[in-house]
Amino acid sequence: MMDVDAYMAAYRTSGVIVLKDSQVLLERYGLGRTANDVWDAQSVAKSITAILVGAAIQDGYISNMDDLVADYVPQLKSGAFDGVTIRQLFTMSSGVKFDDNWSDPDGNATRFAVWPYANEDPASYLSRLPRADRPGAKWVYSNADAHMAGILVSTATGKFLSAYLAEKLWKPFGMESNAYWMVTPAGREFGDGSISMTLRDYGRVGQFMLEGGKAGGVQVVSPVWLVDATSTQIMLPPETGRTAATGYGYYWWICNDGYFALGHAGQRIYVFPKDNVVIALNSALLEGGSPEDLQALSAFIQALHAAAAQS
């Protein structure tokens, strides 16, 4: 079995940190990165957007997860998102059709983020998407759902996602460094991705979850909501390509002994509540990672978890 340095070199890992009982057991960097450098979280940002909807419910901006999305974003009432609940939005089961193929220059993902709608309000573009399935019928991974989730939180709170994140989590939990959230040309943060932070702050996001959603002594998200967010809300199809996931919560992936946030090319935050362990890892896996790469990553996490649990 590979040691930590050998794994990191073989699988283009830029950082790995392991916490047990809130103490750092292991912190290692690669690819020329240091503790002061930020790293793009990719779709780990979806899990952070989920934290913010939990905070918005706790703060009273949103009533509950069964509210209709269109009640908060009225321009959706004439489109495929009409009739979709917040719960369905955060479990990737809106039923709205969206092609996430970034290699297609005329596909939804490319047109949405780049052209020709670059200066349009993203909600306007998303409101024109067609419907593929009835809301709640099945899980389909969709960046459209997560981006709409970001619009929902921002509209309901009247705040930019980055400002609300700073208010509810970054400042009160004592994050070490600034985070940076990419925005669309129209000026909205990508609720589905593109937040960058230091490795230690990746670990702190996991620690916030492990400690029950409190920051600065304040309950940011309710304990009941947190349990729901990190429990299976919808079953995954048999073949999802997401190694180790057994179910899906509110933009958190569920595994046998915990839950995790997942991002393209090997970005992860794992939380193992029973053992009081958090593991965060950043990578630059080529082409996002082959099935063999992702299996190796999963095995590496399992080895780190086992060692931390016994420490």
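Structure: above.
The structure presented is a predicted model; accordingly, all values stated were derived computationally and were not measured.

Right, let's talk about the side chain of His305 for a bit. Relative to the assigned elements, His305 resides in helix 10 (residues 291–310). Note on His305: relative accessible area 8%, which makes it buried. Here His305 is in contact with Asp257, Phe272, Asp275, Val277 and Ile279, once residues within four sequence places are set aside.

This paragraph deals with the sheet that holds strand 3 (residues 38–40). The strand order across the open sheet built from three strands is 3-5-4, with neighbouring strands paired in antiparallel fashion. What marks the edges here is a single partner per strand, and that holds for strand 3 and strand 4 (180–181). By the bridge criterion, two bridges tie strand 4 to strand 5 (residues 195–198) in an arrangement that is antiparallel. By the bridge assignment for strand 5, Tyr180 is matched with Ser196. Where helix 8 (residues 199–210) meets the sheet, it contacts strand 3 and strand 5, and its direction lies at approximately 100 degrees from that of strand 5.

Applying the stated criterion across every chain, the model contains 14 aromatic pairs. Where Trp139 meets Tyr141, the ring centres are 6.2 Å apart and the plane angle is 55 degrees; that geometry is what we call tilted. Comparing Trp139 with Tyr141, the two get one shared label, buried. Relative to Trp253, the ring of Tyr141 has its centre 6.3 Å away and its plane inclined at 25 degrees; by these criteria the two rings are stacked. Note that Tyr141 is positioned in the loop between helix 5 (122–127) and helix 6 (143–157) and Trp253 in strand 9 (residues 253–255), a separation of 112 residues in sequence. Ring-pair connections join several aromatic residues into one group, and the members of that group are Trp139, Tyr141, Tyr248 and Trp253.

Quick notes on the rules
- Residues numbered from 1 in each chain as written.
- Predicted model: local features only at pLDDT ≥ 70, side-chain atom pairs only at ≥ 80, totals over all residues.
- Heavy atoms only, no water.
- Helix = DSSP H or I, 4+ residues; strand = E, 2+ residues; numbered from the N terminus.
- Buried < 20%, exposed > 50% of the residue type's maximum accessible area, 1.4 Å probe, protein only.
- Contact = heavy atoms within 4.5 Å.
- Pairing = 2+ DSSP bridges.
- Axes fitted to C-alpha atoms, helices over the stretch in contact; angles between N-to-C directions.
- Phe/Tyr/Trp six-rings, centres within 6.5 Å; stacked < 30°, edge-to-face > 60°.

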